[in-house]
Amino acid sequence: MMKTPLIVITGPTASGKTSRAVALARAVDGEIISADSRQVYRGMDLGTGKDIEEYGEIPVHLIDIHPAGYKYNLYEYLRDYAAAYAEIVSRGKTPILCGGTGLYVESVLKGLRLPEVPENPELRERLTGKPIEELTRILEGMKTLHNVTDVDTAQRAVRAIEIQTYYAEHPEAASQAEPHPVEGAVVVGVDVDRETRRRRITERLHARIDAGMIEEVAGLLKTGIAPEDLIYYGLEYKFITLHLIGRLSREEMVSQLETAIHQFAKRQMTWFRGMERRGFPISWLPSTLGPDEFTSKVIGLTV
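Let me sum up the structure you'll find in this document. (Residues numbered from 1 in each chain as written. Predicted model: local features only at pLDDT ≥ 70, side-chain atom pairs only at ≥ 80, totals over all residues. Heavy atoms only, no water.)

### Overview of the overall build of the protein chain
Then, in step 1: The number of helices and strands found in the protein chain is 13 helices and eight strands.
Then, in step 2: Against the compact-globule benchmark of 19 Å for 303 residues, the protein chain has a radius of gyration of 19 Å, which places it among compact chains.
Then, in step 3: Judged by the C-alpha coordinates and their principal axes, the protein chain covers about 55 × 50 × 35 Å.
Then, in step 4: Every one of the 303 residues in the protein chain was classed for burial, and the buried ones make up 50%.
Then, in step 5: Pairs at least 24 residues apart make up 74% of the contacts formed inside the protein chain by residues separated by at least 6 positions.
Then, in step 6: Per element, the accessible surface of the protein chain, about 14,400 Å² overall, is 51% carbon and sulfur. (Helix = DSSP H or I, 4+ residues; strand = E, 2+ residues; numbered from the N terminus. Rg over C-alpha atoms; globule rule 2.2 N^0.38 Å. Buried < 20%, exposed > 50% of the residue type's maximum accessible area, 1.4 Å probe, protein only. Contact = heavy atoms within 4.5 Å. Areas by Shrake-Rupley, 256 points an atom, 1.4 Å probe, with all protein chains shown as cover.)

### Quick word on the pattern of salt bridges
Then, in step 1: One pass over the full model with this rule turns up 18 salt bridges.
Then, in step 2: Where Lys93 meets Asp29, a salt bridge forms, and the shortest distance between an N and an O atom there is 3.0 Å. One end of the pair, Lys93, is in the loop between helix H2 (74–90) and strand E6 (94–98); the other, Asp29, is in the loop between helix H1 (17–28) and strand E2 (30–34), with 64 residues separating them in the sequence.
Then, in step 3: Of the residues examined, Lys93 reaches a relative accessible area of 24% and is grouped as partly exposed.
Then, in step 4: By relative accessible area, Asp29 is classed as partly exposed at 42%.
Then, in step 5: Its salt-bridge partner being Arg208, residue Asp51 comes within 3.6 Å of it at the nearest N-O pair. (Salt bridge = Lys/Arg side-chain N within 4 Å of Asp/Glu carboxyl O.)

### With respect to unusual backbone geometry
Then, in step 1: Here the phi dihedral of Ala14 falls at roughly 70°; this positive angle occurs in a residue that is not glycine.
Then, in step 2: Relative to the assigned elements, Ala14 resides in the loop between strand E1 (7–10) and H1.
Then, in step 3: Overall, Ala14 belongs to the buried group, its relative accessible area being 10%.

### Considerations on the pairing of E1
Then, in step 1: Going residue by residue along E1, you find Ile7 and Ile9 tucked away on one face and Val8 and Thr10 tucked away on the opposite face as well.
Then, in step 2: Of the pairings in the sheet, the one linking E1 to E6 comprises three bridges and is parallel in character. Residue pairing in the sheet places Val8 in a bridge with Leu97 of E6.
Then, in step 3: Taken together, the four bridges between E1 and strand E7 (residues 186–191) define a ladder with parallel strand orientation. In the strand pairing of E7, Val8 is matched with Val187. (Pairing = 2+ DSSP bridges.)

Following this line, the structure appears as structure tokens:
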């Protein structure tokens, strides 16, 4: 195992993170831990861009660990990440964290430890039906909103308010969430210029539609998953579900989804810039580097 405790490969959607993490893992005898908030769900493959075939013989952790319809959260992710990390290290392998969910990446690097927050039925009942704008204002009154995904949907906003309410009522639980930053981690971002990123997003979206992404979502609905539970996941699952239940035409779905993915990539970059301001420097390497050169540069950063 390399001396660095953790290598992180991150960057915006469509930057080519996975292939670079796999090439790196082959070179350093590593295993990959996913840092993608939606790839944890089984059956959500094309819409989340799992690209399982890219991993080949390299072990990957925290993919396909829950059924679609489940609502995974940061507490569970940090718990599962810690277990996967310990398992990899125990085998003498190098852990490589790969993904674009900035909240997960930064929380790992902070060494954040969260107590489990139970549901609050009374609070949920009081908040049900409130518009997302009002829920956002309530949450802003409770904490600084670094993470825009907290208010992507009303369900997410209600859960975020529920968590903050629990912390306010249980200060001993909030104190458990004090971070213990990881020392010596190497964080690498795959840097792709804006025009290339936009082109890749558009090409990838149409390729996934051609590969059966709409049929994938239709299949999930047929298993009995409620439309609102798929809409909760955002992006592909939100807009394709809205199309399938008759609220968007196919043309509207494709157009609105493409715009939403471009906006998502911009939010990712905003998060990464914020990470750097908050004390987590990222070494950006151009996406134009070949796998061998990219791997060599990353290894150079670990020395």
